[in-house]
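Observations on the model geometry
In case you want the letters, here they are:
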Amino acid sequence: MKLVKLLANLGYGSRKDMQRLIRYGAVTDASGRVLGENEVPPHEEIRVRGEALDPAAPLTLILNKPAGYTCSTEDPGETIYELLPPRFASRNPSINPVGRLDKETTGLLLLTDDGKLLHRIIHPKSHCRKVYHATLDRPLSGKETELFASGTLVLNGESKPLLPAPLEVLGEKEALVTLHEGRYHQVRRMFAAAENHVVSLRRLSIGGLSLPTDLAEGEWRELAPDELDAIFAIADIG
Ligand code: URA
């Protein structure tokens, strides 16, 4: 790939801007030698204004999503992209959330520019179960476990029943819910069907990958290869 295209795809600016940047001498190799438009050394050796390049595609990020950020640029308000370096919103291929979290839901969110990986994670056949911690407005009635596990619960406005979703009661108003699919506002609507209301919701894990304890809310980093493997590393048939 030509240098102009490489930089433009990484979100550094338009192709025209990148031509100017290169002509200006701001793109060098690791030793500081100015690169021409037709030179493309290995990714890790390229510098823009002396700084190493952003990671090449495919890129997968793990974010501890705070409340108050939407996952879609089509929704009003602040988006999760505001928590990432501004260049990341202009990359090609684009970085997309792997299944959305609602604006007020917190916790584990993956983002990737790898379409195959995204579909592999969200496809029900991958059995990448997602575990959510829900805090409720009213005490659990005791009937929720059976209702959610039944495989017959139909959410308001839908016709297809939900897959069984195990519930682990942690306290009077607190529970873990495990989903094997991702319908719109699913956990909130499940508790609404049980005449309750979710006060706060946090995603704790996707497949065998748990939210790292050292990743504070609002923080992100590149997903490590062993974390990627962990996503698919649990046999999940229940
Ligand atoms: N269920 C919800 O209700 N919201 C989410 O963000 C994820 C699952």
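Above this text you will find the structure in question.
Residues numbered from 1 in each chain as written. Predicted model: local features only at pLDDT ≥ 70, side-chain atom pairs only at ≥ 80, totals over all residues. Heavy atoms only, no water.

Lining the immediate surroundings of the ligand are Leu-101, Asp-102, Thr-105, Tyr-132, His-185, Gln-186, Val-187, Arg-188 and Leu-201. In this structure, an oxygen atom belonging to the ligand sits 3.4 Å away from a main-chain N or O atom of Gln-186. Its free accessible area being 240 Å², the ligand has 96% of it covered by the protein chains. Tallying contributions element by element places helix H5 (residues 186-193) first for the shell around the ligand, with three residues. Per-domain counts for the shell around the ligand show at least three residues from each of domain 2 (60-124 + 209-231) and domain 3 (129-206). (Near = heavy atom within 4 Å. Polar contact = N/O pair within 3.5 Å; in protein donor to acceptor, adjacent residues only side chain to side chain. Areas by Shrake-Rupley, 256 points an atom, 1.4 Å probe, with all protein chains shown as cover. Helix = DSSP H or I, 4+ residues; strand = E, 2+ residues; numbered from the N terminus. Domains from an automatic or database assignment.)

Counted under the stated rule, the structure contains 13 salt bridges. The partner of Arg-33 in a salt bridge is Glu-39, with the nearest N and O atoms 2.9 Å apart. Residue classification places Arg-33 among the partly exposed residues on the basis of a relative accessible area of 43%. Three or more residues joined by partner-sharing salt bridges are found here, namely Glu-158, Glu-181, Arg-183 and Arg-189. (Salt bridge = Lys/Arg side-chain N within 4 Å of Asp/Glu carboxyl O. Buried < 20%, exposed > 50% of the residue type's maximum accessible area, 1.4 Å probe, protein only.)

Further remarks concern the packing of aromatic side chains. Taken as a whole and assessed by the stated rule, the structure comprises two aromatic pairs. One residue, Arg-91, lies across the ring of Phe-88, its end atom 5.6 Å from the ring centre. Arg-120 extends its terminal NZ or CZ atom over the ring of Phe-232, reaching a point 3.5 Å from the ring centre. (Phe/Tyr/Trp six-rings, centres within 6.5 Å; stacked < 30°, edge-to-face > 60°. Lys NZ or Arg CZ within 6 Å of the ring centre and 35° of its normal.)

Our focus in this paragraph is the side chain of Arg-91. Following the sequence through the fold, Arg-91 ends up in the loop between strand S4 (60-65) and strand S5 (96-97). Of note is the side chain of Arg-91, whose polar atom sits 2.8 Å from the backbone oxygen of Pro-55. Not counting chain neighbours up to four residues away, the residues in contact with Arg-91 comprise Asn-9, Leu-10, Gly-11, Asp-54, Pro-55, Ala-56, Ala-57, Leu-59 and Asp-113. (Contact = heavy atoms within 4.5 Å.)

Another aspect to go through is the environment of Gly-218. Within the secondary structure layout, Gly-218 lies in the loop between strand S11 (209-210) and strand S12 (220-222). Put simply, Gly-218 and Ala-67 are 151 residues apart on the chain and 9.1 Å apart in space, counted from C-alpha to C-alpha. With near-sequence residues (within four places) excluded, Gly-218 lies in contact with Leu-63, Asn-64, Pro-66 and Leu-83.

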